[in-house]
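Fold and contact review
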Amino acid sequence: MGFISGIGRKLFPSESMRLIRNAGKFPRFQHTKFSYRDLELEVTDFLSVAWQLMEIFEEEELRFNSSAVNPLIYDCGANVGISSLYFKKLFPGAVVKAFEPDPDVFKCLEKNVSRNHIHGIELFQKAIWTENGRLTFSSEGADGGSLVSGSGKKIEVESVRLKDLLGKEKEVDLLKIDIEGAEVDVINDIREELNKVKLLFVEYHSRPGQPQRLDELCHSISSAGFRYYIRSINSSVKNPFVSEMGVSGMDIQLNIHAIR
């Protein structure tokens, strides 16, 4: 519908893998500038963004169809903006609302939008949550900052209630939620607004020592009229009876696509 040919992995089968292989040349958790296709990017952690480019631009994990000229997309957990930039490549007329609470990461998000002359992306330096206010946020310098995990430097960030935002919308073409462990609470809070959402993407995170709430999340999604598809993105736990923690510090990390 609005897909721009040339984004697909067949034309660029090795760009992201080349970046991943070269990631050792760049120290972790440091600002890095580099070019990717026609984009000039600044990131806080080269390796994590290289994997994002693989997943989003080459594997096209977030590709969708829409008959709308200007679909409305909520990018909750936008990080440095890779998904938002992809959405604008997919649909140049899209209206993207991007939320990122980490101040250092948010600066890169701003630069990546302005430097590439992208219009139609509204940026919010806020954490998506179940209430408006100020909360403690754990910043780890890459794409794993979280309201709920204990790792990383503790900073105070502003939070915004997603339910209130969705309550003002008539329809949302795609709602993407990648908020590092806060997803179940947020989904439960917006259940009454999910009828406005056409497509839903949620990244589910489970950490050892914390309750697993996948069943709760899936129930909320299915009770809102969605059919969901689940794919594991953490296959490092090879022997769960022996070791339950993967290299990411999570025992389960899943991509969940929900459609009607």
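Thresholds applied
- Numbering of residues begins from 1 in every chain and follows the order in which that chain's sequence is written.
- Local features in a predicted model are, by the rule used here, given only for residues with pLDDT of at least 70; side-chain atom pairs are given and counted only at 80 or more, and totals for whole chains, interfaces and linings are based on all residues.
- Only hydrogens and water are removed before side-chain values are computed, so all heavy atoms of the structure are retained for them.
- Two strands are said to pair when DSSP picks up at least two bridges between them.
- Counting from the N terminus, the helices are DSSP H or I runs at least four residues long and the strands are E runs at least two residues long.
- Between the rings of Phe, Tyr and Trp (Trp by its six-membered ring), a pair exists once the centres lie within 6.5 Å; its type follows the angle of the planes, with under 30 degrees stacked, over 60 edge-to-face, and the other angles tilted.
- Think of it in three bands: residues with accessible area under 20% of the maximum for their type are buried, residues over 50% are exposed, and the middle band is partly exposed, with areas taken using a 1.4 Å probe on protein chains only.
- For a lysine, the NZ atom is tested; for an arginine, the CZ atom; a charge sits over a ring if that atom is within 6 Å of the ring centre and within 35 degrees of the ring normal.
- Structural elements are reduced to axes, namely lines fitted to C-alpha atoms, with helices fitted over the stretch in contact, and the angle between N-to-C directions of any two is expressed from 0 to 180 degrees.
- Salt bridge, as used here: a side-chain nitrogen of Lys or Arg that lies within 4 Å of a carboxyl oxygen of Asp or Glu.
- Buried Ala, Val, Leu, Ile, Met, Phe, Trp, Tyr and Cys residues form a nonpolar core when they are joined through side-chain atoms within 4.5 Å.
- The criterion used for residue contact is that any of the two residues' heavy atoms lie within 4.5 Å.
- Residue count minus one, scaled by 1.5 Å, sets the expected span of a helix.
- Any pair of N or O atoms that falls within 3.5 Å is considered a polar contact. Within protein, one atom must be able to donate a hydrogen and the other to accept it, and sequence-neighbouring residues count only if both atoms are side-chain atoms.

**Notes on the pairing of strand 12 (residues 252-259)**
Note that strand 10 (residues 197-206) and strand 12 share seven bridges and pair antiparallel. Opposite Phe201, over in strand 12, you have His257 as the bridge partner. Bridge count between strand 11 (residues 227-232) and strand 12: six bridges; the pairing is antiparallel. Each bridged residue has a counterpart across the sheet, and for Tyr228 the counterpart in strand 12 is Ala258.

**Observations concerning the packing of aromatic side chains**
Counted under the stated rule, the structure contains nine aromatic pairs. A ring pair is formed by Tyr36 and Phe57, whose centres lie 5.7 Å apart and whose planes are at 75°; its orientation type is edge-to-face. Placement of the pair is Tyr36 in strand 1 (residues 32-36) and Phe57 in helix 2 (residues 46-58), with a sequence separation of 21 residues. The buried category is assigned to Tyr36, whose relative accessible area is 1%. Among the aromatic side chains, those forming a connected cluster through ring pairs are Tyr36, Phe57, Phe64, Tyr86, Phe87 and Phe91. The ring of Phe29 is capped by Arg28, whose NZ or CZ atom sits 4.6 Å from the centre of that ring. The ring of Phe226 carries the charged tip of Arg260 above its face, separated from the ring centre by 3.9 Å.

**Here's the deal with the sheet that holds strand 8 (residues 153-161)**
The mixed open sheet is built from three strands, whose spatial order is 6-8-7. Single-partner strands in this sheet number two, and they are strand 6 (127-129) and strand 7 (133-139). Between one strand and the next, the sheet's axes are offset by a mean angle of 50°, whatever the strand orientation. Here strand 7 runs beside strand 8; their pairing, made up of seven bridges, is antiparallel.

**Focus: the pattern of salt bridges**
Close approach of charged atoms allows side chains of opposite charge to pair. Under the criterion given, the structure shown has 23 salt bridges. We note a salt bridge from Lys176 to Asp75, for which the minimum N-O separation is 2.6 Å. Taken as a pair, Lys176 in strand 9 (residues 172-177) and Asp75 in strand 3 (residues 72-76) lie far apart in primary sequence, 101 residues in all. Of the two residues, Lys176 and Asp75, neither departs from the other in class, the shared state being buried. In this structure, the salt-bridge partner of Glu158 is Lys126, at a minimum N-O distance of 3.7 Å. Of this pair, Glu158 sits in strand 8 while Lys126 sits in the loop between strand 5 (121-124) and strand 6, and the two are 32 residues apart along the sequence. Salt bridges sharing partners connect three or more residues here, namely Lys163, Glu192, Glu193 and Lys196.

**Brief notes about the nonpolar core**
In terms of nonpolar packing, the biggest core is built from 37 residues, with Phe34, Leu41, Leu53, Phe57, Ile82 and Phe87 touching the most fellow members. For this core, the elements supplying multiple residues, two or more each, are helix 1 (15-21), strand 1, strand 2 (39-43), helix 2, helix 3 (82-90), strand 4 (95-99) and helix 4 (103-115). Each residue touching Leu53, except ones within four places of it in the same chain, is listed here: Ser16, Leu19, Phe34, Tyr36, Leu41, Glu58 and Ile82. Core analysis: the next-biggest nonpolar cluster, separate from the first, contains 30 residues, Cys76, Ile221, Phe226 and Ile256 among them.

**Details of the environment of Ile20**
Positionally, Ile20 belongs in helix 1. Residue classification places Ile20 among the buried residues on the basis of a relative accessible area of 14%. In the structure, Ile20 is positioned 34 residues away from Met54 in sequence and 8.9 Å away in space, judged by C-alpha atoms. Excluding its chain neighbours within four sequence positions, the residues that come into contact with Ile20 are Leu47, Ala50, Trp51 and Met54.

**Section: the sheet that holds strand 11**
Sheet architecture is open: seven strands sit in the order 5-4-3-9-10-12-11, paired in mixed fashion. Two strands close off the open sheet at either side, each with one partner strand: strand 5 and strand 11. Ignoring strand direction, the axes of neighbouring strands in this sheet form an average angle of 15°.

**A look at helix 3**
When you tally the buried positions in helix 3, you get eight out of nine residues, the bulk of the element. Taken together, the buried positions of helix 3 are Ile82, Ser83, Ser84, Leu85, Tyr86, Phe87, Lys88 and Leu90.

**A few points about helix 4**
Helix length check: helix 4, at 13 residues, gives a terminal C-alpha distance of 18 Å against a target of 18 Å (1.5 Å per residue), a fit within 8%. Each element contacted by the buried residues of helix 4 is listed here: strand 2, helix 3 and strand 5. The N-cap of helix 4, judged by a side-chain oxygen 3.0 Å from the amide nitrogen of Asp104 a few residues on, is Asp102. In the stretch just after helix 4, His117 is the one whose phi turns positive, near 55°.

The analysis is restricted to geometry; functional conclusions fall outside its scope.
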